[in-house]
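Residue-level structure breakdown
If you want the building blocks of each chain, they are given just below.
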Amino acid sequence: MAGIIFTLLMLVALQAVLGFDNLLYISLESKKAPLDKQKGVRKKGILIAIVLRIVLLFVLVRIIGFFQEPFSWLTGGIEDVIKFSFNGHSIIVLAGGAFIIYTAIKEIWHMISLKDLDYDVEGDSKRSKSASAVITSIVIMNLVFSFDSILAAIGLTSEIENATTAFIVMAIAIVASGLLMLLMADKISVFLAKNRMYEVLGLFILFIVGIMLITEGGHLAHLKLFGEEIVPMSKTTFYFVIAVLVVIDIVQGRYQKKLLAERENTLENKNEI
C-alpha cells in the first residue's frame, strides 16, 4: 500500500512538472477568446482535457504497441542523406511540436507587426477567435502534451501487478494534476495580463518547447540526417534555457527602467535650467 501511495505522489509531481508548458500554452491561447469568456474557456478546456486524458490513458494501455511499433510504409530513407522509421508516437509528438513552433512564431510576428494594431470598439483584437475554437485548440494541445506524461506514468506503474489498480492510480494522478492546472491557469493568466512584457518571454518558452518536441519526435522516429542521429533535448537543458531566458528578461526589464529614470532626470534638469 505504501508503495502505491508513493507511486501516486510521484505521478502527481511528474504531471505537475510536465504540465508547466501546457499551462503556459493555455494561458496564452485563452487570450484569443472574447474577454468575458476567457475564464470559462480555460475551465472548460481543462475539464474536457482531463476527461480525454483518462480516455487516452485507457486507449494507450490497451494498444500501446500500435504507437511504439514503426510503420512499414513510413520506414526507409535515402542513403547518406536521411533515414527514418516513424511510429504513431513520433508522428504525434512531431506534429505537436511543429504546431507549437508555428503558433509561437505567428504570435511573435503579430507583436512586432505594425499592421495588426487595429482594435475593435470593445478593445479586443480583431484576431480574436470564438470561445469554441479556443477550447478546441486547448484540448488538442493538452492531449499532445499529455502523451509523453501518460507513457511515463505507464512506465512508473509497471511494478504494480494489478492492472486495474495501476489504471486507477494513473487516473487519480491525471485528475489531481488537472485540478491543479485548473487552479493555476487563472493566476498565470492574470499575471500575464498585468505584466504584458512577459508575454514575449512566454512565447519564446513555447518556441523552445516546440523545438524540444521536434527533437524528441525525431529521436522516436530514429531520424538520421546526413548520418547524424537526432538527439532529444534533455529536460535539464530545457529548464536551464528557460532559467537563462527568465534572468535575461528580468535584467533587461530593470535596465530599461534605469534608462527611463535617467532620461526623466535629464529632462527635469533641462527644464530647471
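This is a predicted model, so every value here is computed, not measured. (Residues numbered from 1 in each chain as written. Predicted model: local features only at pLDDT ≥ 70, side-chain atom pairs only at ≥ 80, totals over all residues. Heavy atoms only, no water.)

1. A look at the overall build of the protein chain
- Each helix and strand counted, the protein chain has eight helices and four strands in total.
- Ordered by position from N to C terminus, the α and β elements of the protein chain give α-α-α-β-β-α-α-α-α-β-β-α.
- Per-residue burial over the protein chain gives 38% buried out of 273 residues.
- Restricting the contact set of the protein chain to residue pairs at least 6 apart, pairs at least 24 apart contribute 77%. (Helix = DSSP H or I, 4+ residues; strand = E, 2+ residues; numbered from the N terminus. Buried < 20%, exposed > 50% of the residue type's maximum accessible area, 1.4 Å probe, protein only. Contact = heavy atoms within 4.5 Å.)

2. Description of the side chain of S137
- Structurally, the position occupied by S137 is in helix 5 (residues 131–156).
- Using a relative accessible area of 13% as the deciding quantity, one classes S137 as buried.
- Residues within four places of S137 in sequence aside, it is in contact with Y25, E29 and K129.

3. Things to note about the packing of aromatic side chains
- Following the criterion strictly, the structure yields one aromatic pair and no others.
- Between F84 and F86, the ring centres sit 5.4 Å apart and the planes meet at 40°, which makes this aromatic pair tilted.
- For F84, a relative accessible area of 23% puts it in the partly exposed group.
- Note on F86: relative accessible area 18%, which makes it buried. (Phe/Tyr/Trp six-rings, centres within 6.5 Å; stacked < 30°, edge-to-face > 60°.)

4. Details of the pairing of strand 1 (residues 75–78)
- With four bridges joining them, strand 1 and strand 2 (residues 82–85) adopt antiparallel strand pairing. Considered in strand 2, the bridge of G76 is made with F84.
- Hairpin remark: strand 1 followed by strand 2, antiparallel, with three residues in the connecting loop; positive phi at D80, about 65°. (Pairing = 2+ DSSP bridges.)

5. Comments concerning the confidence of the model for the protein chain
- In this model, the protein chain carries a mean pLDDT of 76, and residues with pLDDT of at least 70 account for 79%.
- Of the regions scoring below 50 in pLDDT, residues 116–126 engages in nine contacts with residues more than four places distant in sequence or in other chains. (pLDDT = per-residue confidence, 0-100.)

6. Brief notes about the sheet that holds strand 3 (residues 224–225)
- Judged by pairing direction, the sheet is antiparallel, and its four strands sit side by side in the order 1-2-3-4 without closing on themselves. Every interior strand has two partners, whereas the edge strands, strand 1 and strand 4 (228–229), have only one.

7. Thoughts on empty space enclosed by the protein
- Enumeration over the complete set of coordinates arrives at one cavity of 30 Å³ or more.
- In terms of lining residues, the largest cavity is bounded by I46, A49, I50, R53, N142, I174, G178 and M181.
- Residue contributions to the lining of the largest cavity peak at four residues, all from helix 3 (residues 38–68).
- Grouping the constituent residues of the lining of the largest cavity by class yields five nonpolar, two polar and one charged. (1 Å grid on protein atoms, 1.4 Å probe; cavity = no way out; pocket = protein on both sides within 12 Å on 5 of 7 lines; lining within 4 Å. Points joined across faces, edges and corners; volume = space filled by probe spheres on them. Nonpolar A, V, L, I, M, F, W, Y, C, P; charged D, E, K, R; others polar.)

8. Structural notes on the pattern of salt bridges
- The final tally for this structure, using the stated rule, is one salt bridge.
- Linking E29 and K32 is a salt bridge whose minimum nitrogen-to-oxygen distance equals 3.3 Å. Here E29 and K32 have matching classes, each one buried. (Salt bridge = Lys/Arg side-chain N within 4 Å of Asp/Glu carboxyl O.)

9. So, helix 7 (residues 198–220)
- For helix 7, built from 23 residues, the straight-helix expectation of 33 Å at 1.5 Å per residue is met to within 8% by its first-to-last C-alpha distance of 33 Å.
- At the exit of helix 7 stands H222, carrying a positive phi of roughly 50°. (Expected span 1.5 Å × (residues − 1).)

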